Amino acid sequence: MAVSELLTGLCVMPWFMYYFTLSGFEADIKYGLSSFWCNAVPYMAAVLPSIFHTTAIWLTVYLAIQRYVYICVPTLVRRFCTIQRSKQVIFSICIASVLMYIPDVLAFENLSLDVMDHRKNATRHMCYRRQTWLPKAIGLDLFYNLTFCAQTVFVHLIPCAMLVVFTWKLVRAIQLADKRHASLLSKSARRKFSEPPSAESLMPERNYSRNMKPRESVSEPKRAQGLKQNTRMLIVVIVLFLVTEIPAALIFIIHVLSVSLKSYVINYQLLNVLLIVRNVLIVISYPFRFAIYCGMSQQFRDVVRQMFTGKLLPRIVHDKDNSTTMALVQTTMDRESDEKR
């Protein structure tokens, strides 16, 4: 997910570096764009960012679903949340994101033509964009309606709706867990003060030796606390995602309706400004997510530190699927079964 978010903004950087930093616009004014840039700009500026952004959206949805399974349906963890299953889902999301924008790639092609400028008595490179056989066979209006509606539904509406639902379920699950934890603490405190001291507790030798034994149950609350901390981090990330993605989705829907219905009820210049704001919101949200990861997850900070320093971190306990969260869920399930017995 982090890679797809990073590539959303970076894939257009070569074009910006050439055109604005290296004064490529001057060559464009004098001679026109070269054949390479004529063919590469549509992919760098539109197709690839859209593919990576769609991948990041659905990976966020999958992360929310996976966390929901961990928290609310722990019996399904070993069946649906294995590393092998995660790899399959990630691969499927990447393939589906590419297929979503294949029609845009096949609908148009760019040609670089040499045109004689008689006023300057020089040859210019003219970048010419034309339709291919696909929109001509389907019909231009029908083609745009189908592609825009599909992108609106599968890239914006469904992911946002699913994230809202699963975020609400996660928040509800954390609230119930906090209430249950507070209730258990209050019952334990009342039982502690209501029971009279036993003869065993009055014997200092036994009491001292018992206190010196390692307590295995101490690590369980820490694990549960870490699980809830990671879940809260995910909720913050999803909320930030929704804050930027819902306005972006609304702007895109307005754009689609204006083009599809040919009812320009909104000023198109204002709509172009809103589209630019949409893209800026999407790109700006990614550094904030990285800051949230670093601020709320010790494991994420350790992994980043290991990447930049090259120092190996102490190994943590893994189960056969290399999932520490699954071990935590199994421990929680065992403890709940012991309480029922």
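The name recorded for the chain in an unreviewed UniProt entry is G-protein coupled receptors family 1 profile domain-containing protein, from Ancylostoma caninum.

> Account for the nonpolar core, with residues named and values stated.
Within the largest apolar cluster, 22 residues are counted, with the highest numbers of intra-cluster contacts made by Leu163, Ile238 and Leu242. Elements represented by at least two residues in this core include exactly helix H4 (35–72), helix H9 (140–194) and helix H11 (219–261). Looking at this core, the element that brings in the most residues is H4, giving eight residues. Dropping the residues within four chain positions of it, isoleucine 238 is found in contact with Thr60, Ala64, Leu163 and Thr167.

> Quick one: what's the story with the pairing of strand S1 (residues 108–117), residue by residue and with numbers?
Two elements, S1 and strand S2 (residues 122–131), share 10 bridges in a ladder whose sense is antiparallel. Note on S2: the bridge partner recorded for valine 115 is arginine 124. Between the antiparallel neighbours S1 and S2 lie four residues, among them asparagine 121 with a positive phi of about 55°.

> Describe the packing of aromatic side chains, with residues and values.
Taken as a whole and judged by the stated rule, the model has 12 aromatic pairs. Members of the aromatic cluster, connected to one another through ring pairs, are Trp15, Phe16, Tyr18, Tyr19, Phe20, Phe25, Phe36 and Trp37.

> Tell me what's going on with unusual backbone geometry, and back it up with residues and numbers.
A positive phi angle is found at serine 23, which is not glycine, with a value near 60°. Mapped onto the fold, serine 23 is located in the loop between helix H2 (13–21) and helix H3 (24–30). Its relative accessible area of 30% is what places serine 23 among the partly exposed residues.

Criteria and cut-off values
Residues numbered from 1 in each chain as written. Predicted model: local features only at pLDDT ≥ 70, side-chain atom pairs only at ≥ 80, totals over all residues. Heavy atoms only, no water. Core = buried A, V, L, I, M, F, W, Y, C linked by side-chain atoms within 4.5 Å. Buried < 20%, exposed > 50% of the residue type's maximum accessible area, 1.4 Å probe, protein only. Helix = DSSP H or I, 4+ residues; strand = E, 2+ residues; numbered from the N terminus. Contact = heavy atoms within 4.5 Å. Pairing = 2+ DSSP bridges. Phe/Tyr/Trp six-rings, centres within 6.5 Å; stacked < 30°, edge-to-face > 60°.

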